[in-house]
Structure formats: structure tokens, C-alpha cells
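# Close look at the chain arrangement
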Amino acid sequence: MNQDLTVGKPETVLWQFCLPLFGSIIFQQLYNIADSLIAGKFIGETALASVGNSYEVTLIFIAFAFGCNIGCSVIVSQLFGAKEYGRMKTAVSTACIASAVLCAALMAVGIFGCGTLLELIHTPAEAFADSKLYLDIYVWGLPFVFFYNIATGIFSALGDSRTPFLFLAVSSTANIGVDILFVTVFHMGVSGVAWATFLCQGVSCVLAVVVVSLRLRKIESTRGFRPFSFQLLARIAGIAVPSILQQSFISIGNIIIQGAINGFGTGVMAGYSAAVKLNNLVVTSFTTLGNGISNYTAQNIGAQKLPRVRAGFRAGLKLVWALSLPLFLLYFFAGRSLLYLFLDHPTETALQTGMMFLRILSPFYFVVSAKLAADGVLRGSGMMRQFMAATFVDLSLRVVLALLLAGTPLGATGIWCAWPGAWCVATLISILFYHAGPWKGGKGQAES
């Protein structure tokens, strides 16, 4: 069901819209968690290290799909808020065409370049073959990744966060079952993990595209529709490119950090792979809630209701902090038990690595969640230079600190300390940019 985010009590509207998004990202992350869980439990520690190693490369591709999602979603939200339905449909068509071209180019890069990337991050010989096998299969499923992201971006732009949640709940649950079937019954190893993800993402993509197409047809538009618009492409790219760069910078930074981690051996690799999945579940959840804040902001910017943007940020901050507390307590005090979900017979090195990672990062979830809420407002309002500045500081500082501290007596533990340091500085920058936004003077229509 489409929802107008420009009316109603801001806190109630935002929370009702964002909570299904949080549920959706939980199930989305189950795809990656299931891959690592099945690999670690039913294949072995080396397989877990291979899947985790491959995951850092897949994040580059996901960065582009995520950027297309955000670019389409923000512009469609603004046009939906302004009730320009014909141009809104043109924006959807334009985003789909541009994304198809981009996806084809990335598939070519992936087919011929994944092996080189694995060599660049110093993938150990015992994990190289399985890492490349996983990536080779993953690349052929990129169209599903791209068009699913486009479809969910449109749903969010229309104020519907429940439909994507239902798709993900079913498909991610099925992914776990197919993972187990392929690995334990058909003995397909790492390739079974990859093919299970490929098939289940394909089904969810097709369903999402069909439903969103039917939803758009029901929205009446008397004028303004064209299959493609360079003007709207420029607006979409203005949001998508910085978002792609943000995620790409983060992915490249993570790959550099992964290269440093690989030098400590497969035990540390496996422990980090398990722990970083748990951490990514949290950070990606906050990012998705930030995306919801972007949609809320964009609709209200389109409707010229700037005071609601301020109220939305305050409501978003309450939401992410309410989630930060239980997640911090869970990871800090029960991290060891959670790591056993991924590791069947873990070495003490793997366990200690994962526990140290979670205990260093989890207290700072309150910090990074505030940054991602502020980033959601910046992105939804089109303040992309400010958004990129905060992101670049986060990434560059994290990489520099990780590489410096890895060479100290702290070893791998020093790498983990890079995350909180970068988060604190970048959060301060994002909050300062938010307070300098156009809503600071109370301009625009009053809240309704």
C-alpha cells in the first residue's frame, strides 16, 4: 500500500514506515549469514574463510546496486511527494534502463576480473579456489541483485515498506533450506552455497518487479510520461553516483583491510568473517533505517514541508538508539555463543578473534547509528557533497588506522580499533552538516 509520508505525526509516520524496513534488512542479511553459517557448520573453517573473503568483493557489486536503489528512490520520492506522477514514472523507467546498462558492464568486469581481485587481497592458496568459484556464480546473478534493489527502492519511495519485507521473509527463509539441501544432500560444497543464493535472489527479484509494475500502473498520470529522460537521469545520477562512491569506497577500504587480516592466517580470517557478518547485520540495519529517513525527507522536501524534516530526524535518532542498546548488550555479552552459529569446531584463535572484534565495536553502535540517521537526511535532501565528505573521512581514517595499528604489537586487535575511531570523527561531521541544512531556519510549510 502506498503511503504519503508528508502528513500525520512525524514520529508515528516514520516509525511505522521504518520498522518493516528493519525487518527487511534482517532477512536480507540472512542471505549472507546463511552462506557463512552453512559453509562453517557443514563444510569447514576454510570454506567459511573463503565465503567471507569473497563477500568483501561482492560488496563492490552491491555498492552499485545500492546506489541505483537510492538514486531512484530519492527522486521518485520527491516526485511522488510533489504529486508529479507522470514524471515519477519516467524516473522509474529511466532508472531501469540505466541500471541494466551498468549491470551488464559490471558483469563483464566480474567475469574477467574476480581472480585478479582475489590475488590483490592476498587470498591464501587454500581459500583461493573456493573464493573464486563463489564469485563466478555470484556474478551471473547480478541482474537479480540490481533489479531487486530498483524494485525495493520504488516501493520505499511510494511509502510501502511492508511488501519488500514479505518478499524477503519468504525468500531468505527458503535460501537457508536450499543452502542446506545443496550442501548436505547434494554435497555441492561452496558452489552449493552460491547457487542457493542465486536461485532465491532470482525468485524474489522476479516477484518484486512484477508487483511493483502492477502498483505503478494503478497510479493515474495524465501527462508527463516518457520512457527515458536525460534530465531525470542527471538527477538520479546526482544521488546515485555519490551513494555508489560511498559504498565503493567502503568496499575498497574493507578489501584493503581484508588484505591486512589475511596476513594473520585462516584462523583470524574465519573469526573475523563470522564476527563481521554479525557487525554488518547491525550497520546495514542502521543504513536501511537511514534510507527510510531519506525517503521520508525526500517526500517532505518535495512537498516543501521543511519543519517535518527536523522532526523526522529526531524521531529517527530515537529509533536507531532504541535498537542500539539491545544489539550492544547481545554482541558484547553473548558474542561467543553467536560465533558458534558460524563455526562448528572453531579454533581458539577464531573464537578469540571474533569475540574481540564484537566487544570493541558494539559499544559504538550508538555513535555510528546517529551518523547514518543524519546521512539519511543529507541524502534525502540532496546534500550529497556533505554526505560524501563525511563518508570519505570515515573510510580513509578507518583504513589508515587499520594499516598503522596492524603493524604494532596489538596485531589484529589494532585493526578492530580502527572502526570506532573513524565512526566518532565521521559522526561529528555528519551531525554538523545536518545542523547547517535548509530546515534550520524553520522555513517551509508548518508540520501537519
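Computed from a prediction, not measured in an experiment: that's the story for all the values here.

## A word on the overall build of the protein
Check the secondary structure of the protein and you find 15 helices and 0 strands. Since a compact globule built from 448 residues should have a radius of gyration of about 22 Å, the 21 Å found for the protein is in line with a globular shape. Considered along the principal axes of its C-alpha atoms, the protein spans approximately 60 × 40 × 35 Å. A total of 448 residues make up the protein; the buried ones form 59% of that total. A sequence separation of at least 24 residues applies to 86% of the contacts in the protein between residues at least 6 apart. Entry remark: accessible area of the protein is about 16,900 Å², with carbon and sulfur atoms responsible for 70%. For the protein, the separation between the mean place of its 27 positive charges and that of its 18 negative charges on side chains is 16 Å.

## Looking at the environment of Thr391
By the secondary structure assignment, Thr391 is in helix H13 (residues 384–406). The class for Thr391 is buried, based on a relative accessible area of 3%. In this structure the C-alpha to C-alpha distance between Thr391 and Phe249, which are 142 residues apart in sequence, comes to 8.4 Å. Beyond its immediate stretch of four places on either side in the chain, Thr391 contacts Gln246 and Lys371.

## Remarks on the packing of aromatic side chains
Two aromatic rings are characterised by how far apart their centres lie and by the angle between their planes. Counted according to the given criterion, the structure contains 20 aromatic pairs. Their ring planes at 50° and their centres at 6.5 Å tell us that Phe155 and Phe167 sit as a pair that is tilted. Placement of Phe155 in helix H5 (residues 142–157) and of Phe167 in helix H6 (residues 162–185) is noted, with a sequence separation of 12 residues between them. With respect to burial, Phe155 and Phe167 carry one shared label: buried. Aromatic pair Tyr272 and Trp419: ring centres 6.5 Å apart, planes at 50°, arrangement tilted. Of this pair, Tyr272 sits in helix H9 (residues 266–302) while Trp419 is found in helix H15 (residues 418–435), placing the two residues 147 residues apart along the sequence. Classification of Tyr272 as buried rests on a relative accessible area of 1%. Among the aromatic residues, those joined into a ring-pair cluster are Tyr272, Phe357, Trp416 and Trp419.

## Notes on a nonpolar patch on the surface
Together, Phe42, Ile43 and Ile180 make up an exposed nonpolar region whose accessible area comes to about 240 Å². Along the chain, Ile43 turns up in helix H1 (residues 10–43).

## Examining the pattern of salt bridges
Following the criterion strictly, the structure yields 7 salt bridges and no others. A salt bridge links Arg87 to Glu84; the shortest N-O distance between them is 3.1 Å. Ionic pairing is found between Arg215 and Asp160, a salt bridge with its closest N-O pair at 2.8 Å. Within this pair, whereas Arg215 is found in helix H7 (residues 189–217), its partner Asp160 is found in the loop between H5 and H6, the two being separated by 55 residues in sequence. Pair check on accessibility: Arg215 and Asp160 agree, each one buried.

## A look at helix H8 (residues 230–262)
Three or four residues apart is the spacing at which side chains of an α-helix point the same way, because the helix has 3.6 residues per turn. Taking 1.5 Å of rise per residue, 33 residues should cover 48 Å, and H8 covers 44 Å from first to last C-alpha, within 8% of that figure. Its side-chain oxygen 3.3 Å from the backbone nitrogen of Gln231, Ser229 forms the N-cap of H8.

## Digging into the packing of helix H12 (residues 365–380) against H13
Where H12 contacts H13, the two axes come as close as 8 Å, and the packing angle between them is 150°. In this view, H12 runs roughly antiparallel relative to H13, as classed from their interaxial angle. In the crossing of H12 with H13, the sense of the turn from one axis to the other is left-handed. Taking contact as the criterion, the partners of Lys371, Asp375, Leu378 and Arg379 in H12 are, on H13, Met384, Gln386, Phe387, Ala390, Thr391 and Asp394. Of the residues in the contact of H12 with H13, the class split is 4 nonpolar, 2 polar and 4 charged.

## Focus on the nonpolar core
If you look at the biggest cluster of nonpolar residues, it comprises 120 residues, and the most contacted ones within it are Phe286, Phe357, Trp416 and Trp419. Among the elements that line this core, the one with the most residues is H9, at 16 residues. Every residue in contact with Trp419, bar those within four places of it in the chain, is listed here: Asn254, Ile257, Tyr272, Asn279, Phe357, Leu361 and Arg398. Counting 10 residues, the second largest nonpolar core, distinct from the first, contains Ile38, Val51, Tyr134 and Val193.

## Some points on the environment of Thr197
Along the chain, Thr197 turns up in helix H7. It is 20 Å that separates the C-alpha atoms of Thr197 and Val109, two residues lying 88 residues apart in sequence. A distance of 3.3 Å separates the side chain of Thr197 from the backbone oxygen of Val193, its partner in a polar contact.

## Comments concerning the packing of H9 against helix H10 (residues 306–339)
Contact pair H9 / H10: the axes reach a minimum separation of 10 Å and the direction vectors enclose 170°. Taken together, the axes of H9 and H10 lie roughly antiparallel to each other. Here the contact of H9 with H10 is built from residues that sort into 19 nonpolar, 6 polar and 1 charged.

## A short note on the confidence of the model for the protein
Scored by pLDDT, the protein comes out at a mean of 87, with 96% of its residues at no less than 70. Below pLDDT 50 for its whole length, residues 444–448 participates in 19 contacts with residues either more than four positions away or in separate chains.

Cut-offs and rules
- Sequence order as written defines the numbering, with residues in each chain counted from 1.
- Given that this is a predicted model, residues contribute local features only at a pLDDT of at least 70 and side-chain atom pairs are listed and counted only at 80 or more, while totals for whole chains, interfaces and linings are drawn from all residues.
- Based on all heavy atoms of the structure, the side-chain values leave hydrogens and waters out of the count.
- Numbering of helices and strands runs from the N terminus, with a helix taken as a DSSP run of H or I at least four residues long and a strand as a DSSP run of E at least two residues long.
- The reference for a compact globule is 2.2 Å times residues^0.38; the radius of gyration itself is calculated from the C-alpha atoms.
- Only protein chains enter the accessibility calculation, which uses a 1.4 Å probe; a residue whose area is less than 20% of its type maximum is buried, one above 50% is exposed, and one in between is partly exposed.
- Residue contacts follow a heavy-atom distance rule, with two residues in contact if any of their heavy atoms lie within 4.5 Å.
- Only the protein chains shown count as covering a residue, and every accessible area follows the Shrake-Rupley method with a 1.4 Å probe.
- When charges are counted, Lys and Arg contribute as positive and Asp and Glu as negative, whereas His and the chain ends are disregarded.
- Note that the charge is assigned to NZ on lysines, CZ on arginines, CG on aspartates and CD on glutamates.
- Two rings belonging to Phe, Tyr or Trp (six-membered ring only in the last case) form a pair when the distance between their centres is within 6.5 Å. Interplanar angles under 30 degrees mark stacking, angles over 60 mark edge-to-face geometry, and anything in between is tilted.
- Patch members must show over 30% relative accessible area and no salt bridge, and they are joined within 9 Å when carrying like charges or within 5 Å when they are nonpolar side chains of Val, Leu, Ile, Met, Phe, Trp or Tyr.
- Salt bridge, as used here: a side-chain nitrogen of Lys or Arg that lies within 4 Å of a carboxyl oxygen of Asp or Glu.
- For a helix, the expected span equals 1.5 Å multiplied by the number of residues minus one.
- Polar contact criterion, stated in full: a pair of N or O atoms within 3.5 Å, where within protein one must be able to donate a hydrogen and the other to accept it, and residues adjacent in sequence count only if both atoms are side-chain atoms.
- Every angle, taken between N-to-C directions, lies between 0 and 180 degrees, and every axis is a line fitted to C-alpha atoms, over only the stretch in contact when it is a helix.
- Throughout, the term roughly parallel applies to angles under 35 degrees, roughly antiparallel to angles over 145, roughly perpendicular to angles from 65 to 115, and oblique to all others.
- Here is the rule for handedness: rotate from the far helix to the near one, and if that takes an anticlockwise turn smaller than a right angle the crossing is left-handed, while a clockwise turn gives right-handed.
- Nonpolar residues are Ala, Val, Leu, Ile, Met, Phe, Trp, Tyr, Cys and Pro. Charged residues are Asp, Glu, Lys and Arg, and all others, Gly as well, are polar.
- For this analysis, a nonpolar core means a set of buried residues of the types Ala, Val, Leu, Ile, Met, Phe, Trp, Tyr and Cys, connected via side-chain atoms within 4.5 Å.
- For every residue, the predictor reports its confidence as pLDDT, a number between 0 and 100.

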